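Residue-level structure breakdown
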Amino acid sequence: MRTVLGYVLIILLIPLSVLTFYYADAEAGKVQNFDDYVEEKIVINEVDLPQASEIRDTNGTVYVELHQPNRIVKEGDKIPAFLKELFIQSEDKHFYEHSGIDAAAVIRAFMVNAQSDEIEQGASTITQQVARNIYLTQDRTLARKIAEVLYSYQIEKTLEKDQILDLYLNVIFFNHNVYGVESAAQYYFQKPVEQLSKAQMAFIAAIPNNPSLYDPEARFENTKTRQERLIDIMAREEFITPEEAEQIKSETITLKVRPRLDRYPDYSTYVMSEFKDLISASEGFDQQLLNAEGEARTAIQEKLDKRVAEIISSGIVINTALDPNVQTKAVDAVNNVLAGSSIQASAAVIGNQSHDIVALSGGRGFQKTDFNRAFQGYRQPGSTIKPLLDYAPYMETYGAGVNYLVSADKFCNSSYCPKNYSEKEYGMVTLKEALTKSYNTAAIRLFMRTGIERSFSYLEKFDFNRINEDDYNPAAALGGIDGFTTLEMAGAYTSFVDGTFTKPHAITSVTDLQGKKLYAWEDKPVRIWSTNTTYKMREMLTSVVKNGTEKKANFAAPYIGGKTGTTNYVRDLWFVGLTEGYTAAVWTGKDRYESEYEGIRYMESYAPHQLIWRRIMR
């Protein structure tokens, strides 16, 4: 009943609209031509339809689809003529004849639909639907309807009919956040639209008339019934023969719905965070944020967020260094080694040649909305800091070799008197032995001899986020620093590959859907260690794994080296190391502890950090 009343109201409004146009034209004519007046008030700009973006791995395979909305724009010449005609005959039979508004169609639709008690023909023209879907809202108000008429009038003046039809076929809604015929074909049948059968074309063409009523997933029979009605219309209008119509209707429709791709959440959540950083750096937002505070900073952040969303909705490809095999190994290693435990972990793996991030584990049982420990969790590094802050800077400063002697006896600096883990003294030992056995007093002696400022001058090159002036004290030599992330530690250890550091990234480039490069990181390698220092550190790190307490991480490899780290009360267990191909860091611990002195000492002998690292790298 409401449908009938609605059509009656529309019919009554048509003469009113015509009179409104007539008098508006007459009045406007006193000042300027009516066409000029409408053109001035309603500007039809070139349309860039929002469409889906995607994230690809190192092999070029899509593993995440970013639907804002799910639309794949299809060029008009690639959309089958049969599908176009289906929409014209069911939605706007006189599309190529009217000028955007078809009053006769409203009356005709009212009569046809009243007789069938179904919405067999639409009352709005295709042009009106384009106006509504691109330039206006879906509000059912008189003001919106009048605006729709004006926009339709101007669209018809600005665009060719085929352009309007192409726009329509790319904007219409097919339920489940799917827009446009190409996305509908791929969503419901996993085929490009040009590969659909005529039965499948008619099936998807049935949906937009009432996406809720004709939802193929929830109301398949409704959709099938309307599909057959559309086929009958095509036969009646002689686009197909009655025999072909029956053949098309008899074809079995089997949905093959493909859910949105969203794999490797540990890695993809970092990609999206890094993407925002890339846009910020590329378009100058990072410089604006440097000195901004309060409301000004908030406004810049909001502008950046809006810009990121705008770029994603434009249809882009984010190419990444993700290696699916290594990623799977990293996630499985964390989940399996810590299965049934209350302990958490994170892992980061970087390719030695590219310096790109190839895998990340954000935690045991990680889900997309979880806290990602790989790049968001800041923890004290323990003894994993020693190669970076104590040994390599000392060797770089003094040219010391691996057999240079240093005291591993007791040490005090004012009231700060750290002890070796065993609480024993070892006399004079070589640098190799001191690192292999992780003697604390030897490491802090090297740190103090080099000097706090000079030692930190090397560390600052690694772009650690949370190093501050409070960290410049003797305790830093043993890991008493505010905190590093697992990813930061893996990145820093890549400097022991060839002596240089390049900030690791997941994103290798961002392109449009045609492959044109839009954004890419421009980081250059920074020399940290000399070739001699790098060679000596690699030798010592190998000794750590093969002769020290890190033997559970060891396996047969052309090269392997690394260092463990344990913080006070065994609250954190680290292993950071490298092979010929990869550098990886693993952290294990708890997110929160109930008391200041609580730790995971009971896990220390099991060495989950080393076991996870070995499973990933072997």
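The following paragraphs examine the structure supplied in this document. (Residues numbered from 1 in each chain as written. Predicted model: local features only at pLDDT ≥ 70, side-chain atom pairs only at ≥ 80, totals over all residues. Heavy atoms only, no water.)

Remarks on the sheet that holds strand β14 (residues 560-566)
Note the threshold: When DSSP finds two or more bridges between two strands, those strands count as paired. Only runs of H or I of at least four residues qualify as helices and only runs of E of at least two qualify as strands under DSSP, and these elements are numbered from the N terminus. A fitted line through C-alpha atoms represents every axis, and for helices the fit uses only the stretch in contact; the resulting angles, taken between N-to-C directions, go from 0 to 180 degrees. Between two residues, a contact is recorded if the distance between any of their heavy atoms is within 4.5 Å.
The sheet built from 5 strands is open, its strands ordered β7-β6-β16-β15-β14 with antiparallel pairing. Looking at the sheet topology across the chains shown, the edges are occupied by β7 (357-361) and β14. The mean inter-strand angle of the sheet, taken between neighbouring strand axes irrespective of direction, is 10 degrees. Those strands touched by helix α15 (residues 324-337) are β6 (344-351), β7 and β16 (582-589), and its axis lies near 20 degrees from that of β7.

A short note on the pattern of salt bridges
Note the threshold: Whenever Lys or Arg places a side-chain nitrogen within 4 Å of a carboxyl oxygen from Asp or Glu, that contact is recorded as a salt bridge. Exposure classes here rest on a 1.4 Å probe applied to the protein chains alone. A residue is buried below 20% of its type maximum, exposed above 50%, and partly exposed in between.
Here the structure, examined in full by the defined rule, presents 26 salt bridges. We note a salt bridge from Lys93 to Glu237, for which the minimum N-O separation is 3.0 Å. Residue Lys93 is located in the loop between α3 (81-91) and α4 (103-116), and its partner Glu237 is located in the loop between α10 (220-236) and α11 (242-250); the two are separated by 144 residues in the primary sequence. Judged by relative accessible area, which is 35%, Lys93 ranks as partly exposed. Between Glu604 and Arg601 there is a salt bridge, with the nearest N and O atoms lying 3.9 Å from each other. Given a relative accessible area of 24%, Glu604 falls into the partly exposed group. One salt-bridge network, in which partners are shared between bridges, spans Lys74, Glu182 and Glu194.

Structural notes on the state of the cysteines
Rules: Whenever a pair of cysteine sulfur atoms sits within 2.5 Å, that pair is classed as a disulfide.
Here the structure, examined in full by the defined rule, presents 1 disulfide. Covalent S-S linkage joins Cys412 and Cys417, the inter-sulfur distance amounting to 1.9 Å. Here Cys412 and Cys417 share a disulfide; its torsion about the S-S bond, 120 degrees, makes the bridge right-handed. The class for Cys417 is partly exposed, based on a relative accessible area of 37%.

A few points about the sheet that holds strand β2 (residues 62-66)
Reading across the sheet, the 5 strands line up as β2-β1-β5-β11-β12 and stay open at both edges, with mixed pairing between neighbours. Only two strands of the sheet have a single partner each, and these edge strands are β2 and β12 (517-519). The mean angle between the axes of side-by-side strands here comes to 30 degrees, regardless of whether they run parallel or antiparallel. As paired elements, strand β1 (residues 53-56) and strand β5 (residues 316-320) share 3 bridges and run parallel to each other. What sits directly across from Glu54, in β5, is Val317.

Focus: the packing of helix α8 (residues 181-189) against helix α9 (residues 198-205)
Counted only if it meets this: Any angle between 65 and 115 degrees counts as roughly perpendicular, while under 35 counts as roughly parallel, over 145 as roughly antiparallel, and the rest as oblique. Think of it as three bins: nonpolar holds Ala, Val, Leu, Ile, Met, Phe, Trp, Tyr, Cys and Pro, charged holds Asp, Glu, Lys and Arg, and polar takes everything else, Gly as well.
Across the interface, α8 lies against α9 with an axial gap of 10 Å and an inter-helix angle of 110 degrees. Relative to α9, the element α8 is oriented roughly perpendicular. Packed against α8, whose contacting residues are Val181, Ala184, Ala185, Tyr188 and Phe189, the element α9 presents Gln200, Phe203 and Ile204 at the interface. Taken together, the residues that form the contact of α8 with α9 break down as 7 nonpolar, 1 polar and no charged.

Quick word on the packing of aromatic side chains
We apply this condition: Ring geometry is summarised as follows: Phe, Tyr and Trp rings, the Trp one being its six-membered ring, pair when their centres sit within 6.5 Å, and such pairs are stacked at plane angles under 30 degrees, edge-to-face over 60 and tilted between the two. Sitting over a ring, as applied to charges here, requires NZ of Lys or CZ of Arg to be within 6 Å of the ring centre and within 35 degrees of the ring normal.
With the rule as written, the count across this model stands at 23 aromatic pairs. Ring plane angle 5 degrees and centroid distance 6.0 Å describe the contact between Phe496 and Trp529, whose orientation is recorded as stacked. Of this pair, Phe496 sits in helix α22 (residues 495-498) while Trp529 sits in the loop between β13 (526-527) and α23 (531-547); the two residues are 33 residues apart in sequence, bridging distant segments of the chain. Site record: aromatic cluster; members linked through ring pairs are Tyr458, Phe462, Phe464, Phe484, Tyr493, Phe496, Phe501 and Trp529. Taking the ring centre of Phe95 as reference, the NZ or CZ of Lys161 above it sits at 4.5 Å. The side chain of Arg538 reaches across the aromatic face of Tyr559, ending 4.0 Å from its centre.

Section: the environment of Val326
With respect to the helices and strands, the residue Val326 is situated in helix α15. Of the residues examined, Val326 reaches a relative accessible area of 9% and is grouped as buried. Put simply, Val326 and Leu360 are 34 residues apart on the chain and 8.9 Å apart in space, counted from C-alpha to C-alpha. The contact partners of Val326, leaving out residues within four places of it in the chain, are Val349, Val358, Ala359, Tyr582 and Ile616.

Let's talk about unusual backbone geometry
Unlike most non-glycine residues, Asn177 shows phi in positive territory, near 65 degrees. Relative to the helices and strands, Asn177 is located in the loop between α7 (161-171) and β4 (178-179). Of note, Asp463 is a non-glycine position whose phi angle comes to about 65 degrees, a positive value.

Some points on the environment of Thr252
Within the secondary structure, Thr252 sits in the loop between α11 and α12 (265-282). You can call Thr252 exposed: its relative accessible area is 63%. Along the primary structure Thr252 and Gln200 are separated by 52 residues, whereas in three dimensions their C-alpha atoms are 9.3 Å apart.

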